[in-house]
Every structure is written in C-alpha cells, then in structure tokens.
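Secondary and tertiary structure notes
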Amino acid sequence: MDIDPYILQVIVGCGALTLLPRVLPLVLLNRFNLPKWYQDWLSFIPVTVMAALVAQQLLPSEAGWTSRWPELAASAACLACAIASRSLFLTVACGIAAITAFNYLS
Amino acid sequence: MSVDRHGPDSARRQFIEGCVACVPTVVGYLSIGFSAGAMARVAGMSVTEVALMSLVLYAGSGQFIVASMVQSHAAVLSVWVAIFFVNLRHLLLSAYLAPYFKQLSGLRSFLIGSQLTDETFGVASVSGQERGRVPFPWMLGLNLTAYLNWLIGNVAGALAATLIPASMFRSLQFALVAMFIGLIVLQVTSARVRRTQIAAAVLAMVLLLPVTLLIGKNFAVVVTAVLTSFIALGASRWTSTPTSSKSSSAAAH
C-alpha cells in the first residue's frame, strides 16, 4: 500500500468536510415541516445550481472567450439535442461527439 | 429499520430501476472519473491514493482541486478549506432532496446523503418532480451505480495517465457540461411553471461571472444559486403565478 501520510491527511479531511454538507440537511430537515416560501425557493435550486455549474465550465480562460468556442458551440448542440430528444443519454453522446469534432477543427 | 411497505420484491425492483436510471450518466462518470484519476496521477499521487480519494472524497470538482493543490504541495489546512467551500453547495442539494425522504430513518438519510453528487442529485430531482416521490431502494441503486462507475473511471484514468495526450482531457471534461445541460432541460420540462425555471437558469448563468469576479471561484456556485433562487421566488410571487408545491405532495407520497 503506497499511501503518503500527507495525501492521507488531505483525503480524509476533505472527505469529512464534504460529508457534513451532504448529510446534515437530509438528516436534520427530516423532522420539520418547512414553510411554503422555503419550499418554493427550493424548487429553483436544481436549475440554478446546475446552470451555475455549466457557466463555471464555460467561463473564459486566460486566453479569453475565443479559446472557448469549441465548448460554447458544443453546448449549443447539446441544448438543441436535449430539447429535441428529451434523452440524457443522447445529450451526453451528442456533446462528446460535438466537442471532439470542434476541438479537432480548432 | 422499517420494512418496506410494498414488500421485498418491490424494493428489489425499485433498486434495479434506480441502477437503470443511472445509466445515462455512466458515460459522464467514466469520462470525468477517467480524467480526474489521470490528473491526480500526473499530479504525483499513486494509483492506491487515487482509488482511496475517489471512494472517500467522491466529488469531481473537489478531486481536480486536490490534485492541483497536491501538485503544488499546498498546506493540508488550505486544501481542507478550499474543498469545504467548493463542496458547500451540497447543502443546497441535500436540503432540496430532504422533503422527498421525510419518512426515512436517520441512518438511511445519512446513507443517501453520504453518496450525494451533482449528477445523482440531477437524476433524482428530475425523477422526483416527474413521479412525486423518490423511493429509498431506487435512490440506493442510483447512488451505488454512480459510486462504482466513479471508482472504475478514476482507477482506469490513474493507470492510463501516462498514455493519454493532455488535449484529450478537454474533451473528456465536456461530458460534465453535456450532462448538466441535459438535466436542466429535463428539469425544466417536468416543472409545473416552466417560464420561471427557464428564466432562473438563464439568470444563474449570467450572474455566475460577476459573482465569481466579486467573491472568487470557491463560493461562486453556492452564492449564485442562492441569490438567483431568491430572485426567481420574488419574481414568481410578484407576477402571482400559482407556484408549485411539489415538495409537500412528495412528502404526502
């Protein structure tokens, strides 16, 4: 077993600190009836979190927006494919095909 | 532990359905896991360490950050702080799913939460919105399939790290973007009030850049999501569109 003590500390600590936010709401919020405005607010969380994650991946690199064109074009292809197919699998397959093609062209 | 009221056969069927629901994300898990494992190996971690990290940390973006910080020999405490802030968004995901698991014991809730990721969350929230409930065995099947594929992807990447060109990482990482775009569209499609959901998604994408510039990358996703959801809530109240109460109907199950 080749595990460095430094790496072990990093992994175990990071794992524990990630476990807390993953588990606490599920375990604690189980017992309460939460107000309506909170439930309505929560209904926007999936799209806003995922949209923010997508935007983060598409942020301009140090070379600016133009270096991102393969990702941006492939995202547009993905969006079209997702709306047309309503299939997660086809969307991911389309995305991989598109980014490979666009990276090859760039 | 309470016995599933639909009997063991039904529980097993739900578990398998959960595994099947994970299948569209498998391509994503394998390719992101592959590039996360390869990058960690390139950063100087051993295959055993990569495998351990994928099992203990089990978070894509977090593992990329660990790899780059380990490569620059960052202090242990600074890695912990960075990962804590980056993974704080799980608070939101966990809080969103909580109403769907209201009748669940603490141990089972812990089990589900401990394997929560952006991707399994996306699949579960779409399914929950479409069917009004998320059965425990279904969630377990989804989680375990994702966990296993993540491990396989990471180890394969760590083993192949020296063989693949760096340009391939860029293509592999795009699987994540493709997956989230698909999940957003599915989420919006199954929502009762689509317009505000679409507006919220667009606003979140627009706000991420200024928020990142203002407070830095680590906090950006959490703050953007919280802020945008409040704006969307305010807008939906103001236009007095009847908002959905999916969470309460899910709890009624």
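Bear in mind the structure is a predicted one, so any value in this text is a computation, not a measurement.

This next bit is on the overall build of chain A. Each helix and strand counted, chain A has five helices and zero strands in total. Of the regular secondary structure in chain A, the N- to C-terminal order runs α-α-α-α-α. The C-alpha radius of gyration of chain A comes to 20 Å, more than 25% above the 13 Å expected for a compact globule of 106 residues. Principal axes of the C-alpha set define a box for chain A whose edges measure 50 × 50 × 30 Å. The 106 residues of chain A split such that 48% are buried. If you take every contact in chain A between residues at least 6 apart in sequence, the share linking residues at least 24 apart comes to 35%. For chain A, the exposed area adds up to about 5000 Å²; of that, 71% sits on carbon and sulfur atoms. One finds the centroid of the 5 positive side-chain charges in chain A at a distance of 19 Å from the centroid of its 5 negative side-chain charges.

This part takes up the packing of helix H3 (residues 45-58) of chain A against helix H10 (residues 194-215) of chain B. Running from N to C, H3(A) and H10(B) point in directions that differ by 35 degrees, and their axes come no closer than 8 Å. Judged by the twist between their axes, the crossing of H3(A) over H10(B) is right-handed. Taken together, the residues of H10(B) that come into contact with H3(A) (itself represented by A:Val47, A:Thr48, A:Ala51, A:Ala52, A:Val54, A:Ala55 and A:Gln56) are B:Gln197, B:Ala200, B:Ala201, B:Ala204, B:Met205 and B:Leu208. A breakdown of the residues in the contact of H3(A) with H10(B) according to their chemical character gives ten nonpolar, three polar and no charged.

Here we come to the domain arrangement of chain A. You can read the domains of chain A as domain 1 (1-32) and domain 2 (44-105). On a C-alpha basis, the centroid separation for the pair domain 1 of chain A and domain 2 of chain A is 30 Å.

So, about the environment of B:Leu214. Looking at the secondary structure, you find B:Leu214 in helix H10. B:Leu214 sits 137 residues away from B:Leu77 along the chain, and the two C-alpha atoms are 24 Å apart.

A few words on the packing of helix H1 (residues 5-28) of chain A against helix H3 (residues 60-71) of chain B. At a closest axis distance of 12 Å, the pairing of H1(A) and H3(B) adopts a crossing angle of 150 degrees. Between H1(A) and H3(B), the angle falls in the class roughly antiparallel. Once H1(A) is placed against H3(B), the crossing between them reads as right-handed. Where H1(A) approaches H3(B), its residues A:Tyr6, A:Ile7, A:Val10 and A:Cys14 are matched on the opposing element by B:Val66, B:Met69 and B:Val70. Across the contact of H1(A) with H3(B), the residue classes tally to seven nonpolar, no polar and no charged.

All right, on to the interface of chain B and chain A then. On the side of chain A, 71 residues touch chain B, which itself brings 98 residues to the contact. Inspection of the region where chain B meets chain A yields one salt bridge. Of the charged contacts, one joins A:Asp40 and B:Arg237 as a salt bridge, the two residues approaching to 3.1 Å between their closest N and O atoms. Considering each element in turn, the side of chain B that touches chain A owes the most residues, 19 residues, to helix H9 (residues 167-190) of chain B. Its residues assigned to classes, the side of chain B that touches chain A shows 58 nonpolar, 32 polar and eight charged.

Let us look at a nonpolar patch on the surface. A cluster of nonpolar residues, B:Leu214, B:Ile215, B:Phe219 and B:Val223, forms a patch on the protein surface that exposes about 360 Å² of accessible area. Counting only elements with at least two residues in the nonpolar patch, the list comes to H10 and helix H11 (217-238) of chain B.

This part is about the nonpolar core. Residue and element names in this part refer to chain B. Ranked by internal contacts, the top residues of the largest apolar core, which has 76 residues, are Leu97, Phe101, Met139, Leu183 and Ile184. For this core, the leading source of residues is H9, giving twelve residues. Residue contacts for Met139: discarding those within four places in its chain leaves Leu97, Phe101, Ile112, Ala124 and Val134. Met53, Val70, Ile83 and Ala158 belong to the second-largest nonpolar core, a separate cluster that totals 21 residues.

Residue and element names in this part refer to chain B. In the structure shown here, the tally under the stated rule is zero disulfides over all chains. Considering cysteine sulfurs only, Cys22 is the nearest to Cys19, which forms no disulfide, with 7.9 Å between them. Look at Cys19 and you get partly exposed, because its relative accessible area is 21%.

Side chains of residues three or four places apart in an α-helix project in the same direction, reflecting 3.6 residues per turn. End to end, H10(B) covers 30 Å across 22 residues, agreeing with the expected 32 Å (1.5 Å per residue, within 8%). Along H10(B), the sharpest kink reaches roughly 35 degrees, centred on B:Leu208 and followed within four residues by the proline B:Pro210. Every buried residue of H10(B) is listed here: B:Thr196, B:Gln197, B:Ala200, B:Ala201, B:Ala204, B:Leu207, B:Leu208, B:Val211 and B:Thr212. Against the buried residues of H10(B) lie H3 of chain A together with H9 and H11 of chain B. After H10(B) finishes, the residue B:Gly216 shows a positive phi value of roughly 95 degrees.

This paragraph deals with the layout of surface pockets. Of the pockets and cavities examined, the largest pocket occupies roughly 1200 Å³. Around the largest pocket, the lining is made up of 46 residues, and of these A:Gln57, B:Ser61, B:Phe64, B:Gln173 and B:Lys217 lie nearest the centre. Those elements giving two or more residues to the lining of the largest pocket turn out to be H3 of chain A together with helix H1 (7-42), H3, helix H4 (76-86), helix H7 (118-131), H9, H10 and H11 of chain B. Of the residues assigned to the lining of the largest pocket, the class counts are 25 nonpolar, twelve polar and nine charged.

Analysis parameters
- Residues numbered from 1 in each chain as written.
- Chains lettered and ligands numbered in written order.
- Predicted model: local features only at pLDDT ≥ 70, side-chain atom pairs only at ≥ 80, totals over all residues.
- Heavy atoms only, no water.
- Helix = DSSP H or I, 4+ residues; strand = E, 2+ residues; numbered from the N terminus.
- Rg over C-alpha atoms; globule rule 2.2 N^0.38 Å.
- Buried < 20%, exposed > 50% of the residue type's maximum accessible area, 1.4 Å probe, protein only.
- Contact = heavy atoms within 4.5 Å.
- Areas by Shrake-Rupley, 256 points an atom, 1.4 Å probe, with all protein chains shown as cover.
- Lys, Arg positive; Asp, Glu negative; His and termini not counted.
- Charge placed at Lys NZ, Arg CZ, Asp CG, Glu CD.
- Axes fitted to C-alpha atoms, helices over the stretch in contact; angles between N-to-C directions.
- Left-handed = near helix turned anticlockwise from the far one by under 90°.
- Nonpolar A, V, L, I, M, F, W, Y, C, P; charged D, E, K, R; others polar.
- Domains from an automatic or database assignment.
- Parallel < 35°, antiparallel > 145°, perpendicular 65-115°, else oblique.
- Salt bridge = Lys/Arg side-chain N within 4 Å of Asp/Glu carboxyl O.
- Patch = residues over 30% accessible without salt bridge, like charges linked within 9 Å, V, L, I, M, F, W, Y side chains within 5 Å.
- Core = buried A, V, L, I, M, F, W, Y, C linked by side-chain atoms within 4.5 Å.
- Disulfide = S-S within 2.5 Å.
- Expected span 1.5 Å × (residues − 1).
- Bend = angle between axes of the 7 residues up to and from the residue.
- 1 Å grid on protein atoms, 1.4 Å probe; cavity = no way out; pocket = protein on both sides within 12 Å on 5 of 7 lines; lining within 4 Å.
- Points joined across faces, edges and corners; volume = space filled by probe spheres on them.

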